[in-house]
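Notes for the structure review
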Amino acid sequence: MEAEASSFETSEMLARFLGSTPLLPESWNLCGRSNVMAPQSFLTDEVGGVTYVAFSGVQSVDGLDPFCGNLVPLAGVFPVDAGMFPALEDTVMVDAGLLHLFWTIFHTPVFQNQMFEIKKKQKPVVFTGHSIGGAIAALSSLWLLSYLQSISSPPTVICFTFGSPMIGNEPLSRAIQRQRWGGNFCHLVSKFDILPRLLFAPLAPITTHLHNLLKSWHLTMNSPFFFQDPGNQLGDHEKSELFHFVLGYVEATARSPGTNLSFVPFGNFMFCSSDGAVCVDDATAIVRMLYLTFASGSPSSCIDDHLEYESYVGKISLQFLNRTEEEICESNTRIGRTPNLNSANLAIGLSKITPFRAQIEWYKESCDQSDDQLGYYDSFKLRGASKRDFKVFMNRIKLGEFWNSVIDMLEKNQLPHDFHKRAKWVNASQFYKLLVEPLDIAEYYRSGEHRKKGHYMKQGRPRRYKIFDKWWREREAFRENDNDNNSVSISGSGSNNRRSKFASLTQDSCFWAKLEEAREWVEKVSSESDPRHVVALWASIEKFEQYARGLVDRKEVSIDVLAKNSSYTIWVEELRVLKLHSQHFSTQIPGILDRKVVP
């Protein structure tokens, strides 16, 4: 499930929400306690029905983790199970040192027991942390959000970090945006704090400075009253070297936003100072703000500001509580306008593309009634150069462009947070998929793309269809309408009602792609000499045969599947003949050749 799409349509809305609730103060309070009471570990607390998990900012008594500053695959260097982050792409990379710290805590019995209790309670959870503890909180949040995708009604997950370093690359930021998890993360960054900017710079030249700085910070954070330890503080010269070294790299990054950055921000960044706070959610704007605010600081302030978050949290609450009623009303109007207006404009766009869809529906009906008895899929795959066929080809492209634009707007947070759960759009996308994807499959195999790239299911399926599959699976809001005659019907909807007639559209939009693979298996099994490969091919053939028979028996296919000259009907006959001429396989694979084939 697409767990935790943010309910905040803009970063300003999130900021106002945080400023008017106890979430932020409670998070910081537990962070402060964890720094003192749980070095290299974490604390938990439950307040007002919300479970807080705070990771200590004191994570390494020896200073800088030796792995820090190097990006590694999320499931790479350390024994992190790839299944821990199923929603994130293979290209996602995170800081090796921070990942190592997360992995160390994650596999402790006390953390596993605490996560078991959290998952069992199904209550809102807040992961939080100061300094390096914030990075561990972010990785823990990503793990739990990934896990909750398989849960029907997941609890709310929010992550607050205070002065945390960045943790990953651009693919990580992009993956979080695609999952609509950006609103689940709020990173508080003080105006001059060096640590959130640190990983823009290479760490090797400043390792000694960082080692001493972290020891000084850790000794101060581990003190109940944040008493600074003068014996471990950097001298003025070292502070100046460190400040200007990092500033140079932050400036270069801000001035070249199009370059391939090693570390890229994600989520919402709340920049705070003694004057108040401002919330930003655009990655380019965040990097620019990180530079502009840092450049106005000094060598001493970039170090001291890392220990000032307690005062900033108090000022944030006052900033939003002191706003006038007129300011709040004006902000509400400005915040809610754009996503809803975009949604309304898309609804108009959907009505404008309806004629394209209707023309394809008419084309399907005419193919199903044609004397050549090829059916919808095969007629388009074997089409000639007629004006009608060309119009359907172009309509298919126009519809795909429209739906790609919908997904692009959704992933850029330009649409309401629940857009992908609204019945109108879920049903419209599902109908589009069932109607048009067979044409995309036909074109893929007609043009020979399967010979260049591989079969459609693994290499050719457009991403929009995978997203629409996900929307349909998660349609909790309209499950009671699954049996409504006016809505799209699909296998696996949870309905026990059997059909009395064949579906208007085949309920598995990838049926024809699976058939194309089955056709190849039948061709190969006749010429294959390796008995092991023959066994594997027959097993695959039988699996598809059972799957197809099930669809037909349940009448979840359109009549074009059973057309006299359709690819499926021809495949069934070829398989019947193959079995008659392959009796020697019956002893090797019992049960394969005596199974019935759907006529």
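These numbers were taken from a predicted model, which means no experiment stands behind them. (Residues numbered from 1 in each chain as written. Predicted model: local features only at pLDDT ≥ 70, side-chain atom pairs only at ≥ 80, totals over all residues. Heavy atoms only, no water.)

**A short note on the confidence of the model for the protein chain**
Parts of the prediction with low pLDDT should not have their coordinates interpreted in detail. Residues at a pLDDT of 70 or more form 82% of the protein chain, whose mean pLDDT is 83. When pLDDT is averaged over each element of the protein chain, strand β5 (residues 125-130) comes out on top at 96 and helix α22 (residues 585-588) at the bottom at 48. Across residues 1-10, where pLDDT falls below 50, the model places 51 contacts with residues more than four positions away in sequence or in other chains. Contacts from residues 480-495, a stretch scored under 50 in pLDDT, to residues over four places away or in other chains number 22 contacts. (pLDDT = per-residue confidence, 0-100. Helix = DSSP H or I, 4+ residues; strand = E, 2+ residues; numbered from the N terminus. Contact = heavy atoms within 4.5 Å.)

**A look at the nonpolar core**
Of all hydrophobic cores here, the largest spans 78 residues; its most connected members are Phe55, Phe102, Phe127, Ile167, Leu172 and Trp217. At ten residues, the largest contribution of residues to this core is made by helix α5 (residues 132-147). Grouped together as the second largest cluster of nonpolar side chains are 60 residues, Phe419, Ala428, Ile467 and Leu578 included. (Core = buried A, V, L, I, M, F, W, Y, C linked by side-chain atoms within 4.5 Å. Buried < 20%, exposed > 50% of the residue type's maximum accessible area, 1.4 Å probe, protein only.)

**Here's the deal with helix α20 (residues 531-553)**
With 23 residues, α20 ought to run about 33 Å at 1.5 Å a step, and its terminal C-alpha atoms sit 32 Å apart, in line with that. Those residues of α20 lying buried are Val534, Leu537, Trp538, Ile541, Glu542, Phe544, Glu545, Ala548, Arg549, Gly550, Leu551 and Val552. Measuring from the side-chain oxygen of the N-cap residue of α20 to the backbone nitrogen of Arg532 gives 3.0 Å; that N-cap residue is Asp530. Backbone geometry just downstream of α20 places Lys555 in the positive-phi region, at approximately 55°. (Expected span 1.5 Å × (residues − 1). Polar contact = N/O pair within 3.5 Å; in protein donor to acceptor, adjacent residues only side chain to side chain.)

**Remarks on the side chain of Asp305**
With respect to the secondary-structure elements, Asp305 resides in the loop between α10 (301-304) and α11 (309-321). Reaching out from Asp305, the side chain makes a polar contact with the side chain of Ser190 at a distance of 3.1 Å. In contact with Asp305, not counting residues within four places along its chain, are Ser190, Lys191, Phe192, Asp193 and Tyr312.

**Regarding the packing of aromatic side chains**
Counted under the stated rule, the structure contains 36 aromatic pairs. With a centroid separation of 6.4 Å and an interplanar angle of 20°, the aromatic rings of Phe55 and Phe127 are classed as stacked. Note that Phe55 is positioned in strand β2 (residues 50-55) and Phe127 in strand β5, a separation of 72 residues in sequence. Summarising the burial analysis for this pair, Phe55 and Phe127 share the class buried. Taken together, a centroid distance of 5.5 Å and an interplanar angle of 75° make the contact between Tyr444 and Tyr445 edge-to-face. Neither residue differs from the other here; Tyr444 and Tyr445 are each classed as buried. Here the aromatic residues Phe42, Phe55, Phe102, Phe106, Phe111, Phe127, Trp143 and Tyr147 are joined through ring pairs into a cluster of three or more. Just above the ring of Tyr147 sits the side chain of Lys119; from NZ or CZ to the centre is 4.3 Å. The ring of Phe380 has Arg383 lying over it, and the distance from NZ or CZ to the ring centre is 4.2 Å. (Phe/Tyr/Trp six-rings, centres within 6.5 Å; stacked < 30°, edge-to-face > 60°. Lys NZ or Arg CZ within 6 Å of the ring centre and 35° of its normal.)

**So, the pairing of β2**
The two faces of a sheet get side chains in turn, since along a regular strand they alternate between them. The element β2 is largely enclosed, with a buried count of six among its six residues. Across the two faces of β2 the burial is the same, with Val50, Tyr52 and Ala54 and Thr51, Val53 and Phe55 all buried. Looking at chain direction, strand β1 (residues 42-47) and β2 are connected through six bridges and run antiparallel. Considered in β2, the bridge of Thr44 is made with Val53. The hairpin turn running from β1 into β2, its antiparallel successor, is two residues long, and Gly48 in that turn takes a positive phi close to 60°. Bridge analysis of β2 against β5 gives five bridges, and the strand direction is parallel. When the sheet's bridge partners are listed, Val53 is paired in β5 with Phe127. (Pairing = 2+ DSSP bridges.)

**Points about the pairing of strand β8 (residues 268-273)**
Counting buried positions over the six residues of β8 gives six, a clear majority of the element. Neither face of β8 is open: one carries Asn268, Met270 and Cys272, the other Phe269, Phe271 and Ser273, and all of them are buried. Bridge analysis of strand β7 (residues 185-190) against β8 gives five bridges, and the strand direction is parallel. Across the sheet, residue Ser190 finds its bridge partner in β8, namely Cys272. In the sheet, β8 pairs with strand β9 (residues 276-280) via five bridges, with the strands oriented antiparallel. Pairing of Phe271 across the sheet is with Val278, part of β9. Hairpin connection between β8 and β9: a loop of two residues separates the two successive antiparallel strands.

**Thoughts on the sheet that holds β7**
What holds strands together in a sheet is hydrogen bonding between their backbones, with the strands either parallel or antiparallel. Overall, mixed pairing links the seven strands, which are arranged β1-β2-β5-β6-β7-β8-β9 in an open sheet. Edge positions in the sheet fall to β1 and β9, since each has one partner strand and no second. Strand-to-strand, the axes of this sheet are offset by a mean angle of 20°, without reference to chain direction. Across the sheet, α5 touches β2, β5, β6 (157-162) and β7, and the angle it forms with β5 is around 155°. (Axes fitted to C-alpha atoms, helices over the stretch in contact; angles between N-to-C directions.)

**Looking at the pattern of salt bridges**
A complete count under the given rule lists 29 salt bridges for this structure. Salt-bridge contacts for Lys364 lead to Asp368; the nearest nitrogen and oxygen are separated by 2.7 Å. In this pair, Lys364 and Asp368 are both assigned in helix α12 (residues 325-368), four residues apart and thus about one turn of the helix distant. Look at Asp368 and you get partly exposed, because its relative accessible area is 22%. (Salt bridge = Lys/Arg side-chain N within 4 Å of Asp/Glu carboxyl O.)

**Brief notes about helix α4 (residues 109-121)**
The end-to-end C-alpha distance of α4, which contains 13 residues, comes to 18 Å, matching closely the 18 Å that a straight helix rising 1.5 Å per residue would cover. Turning to α4, the residues buried within the fold contact β1, β2, α3 (96-106), β5 and α5. One or two steps after α4, the chain reaches Gln122, where phi turns positive at roughly 60°.

**Things to note about the packing of helix α15 (residues 423-446) against helix α19 (residues 511-527)**
At a minimum axis distance of 8 Å, the contact between α15 and α19 shows a crossing angle of 30°. The angle between the axes of α15 and α19 places the two elements in the roughly parallel class. Between α15 and α19, the contacting residues are Pro438, Ile441 and Tyr445 on the first element and Trp512, Ala513, Glu516 and Glu517 on the second. In terms of residue class, the contact of α15 with α19 is built from five nonpolar, no polar and two charged. (Parallel < 35°, antiparallel > 145°, perpendicular 65-115°, else oblique. Nonpolar A, V, L, I, M, F, W, Y, C, P; charged D, E, K, R; others polar.)

**Here's the deal with unusual backbone geometry**
The phi torsion at Ser131 lies on the positive side, around 60°, for a residue other than glycine. Note that Ser131 resides in the loop between β5 and α5. The exposure class of Ser131 is buried, given its relative accessible area of 1%. The backbone of Arg180 sits at a positive phi, close to 60°, despite the residue not being glycine.

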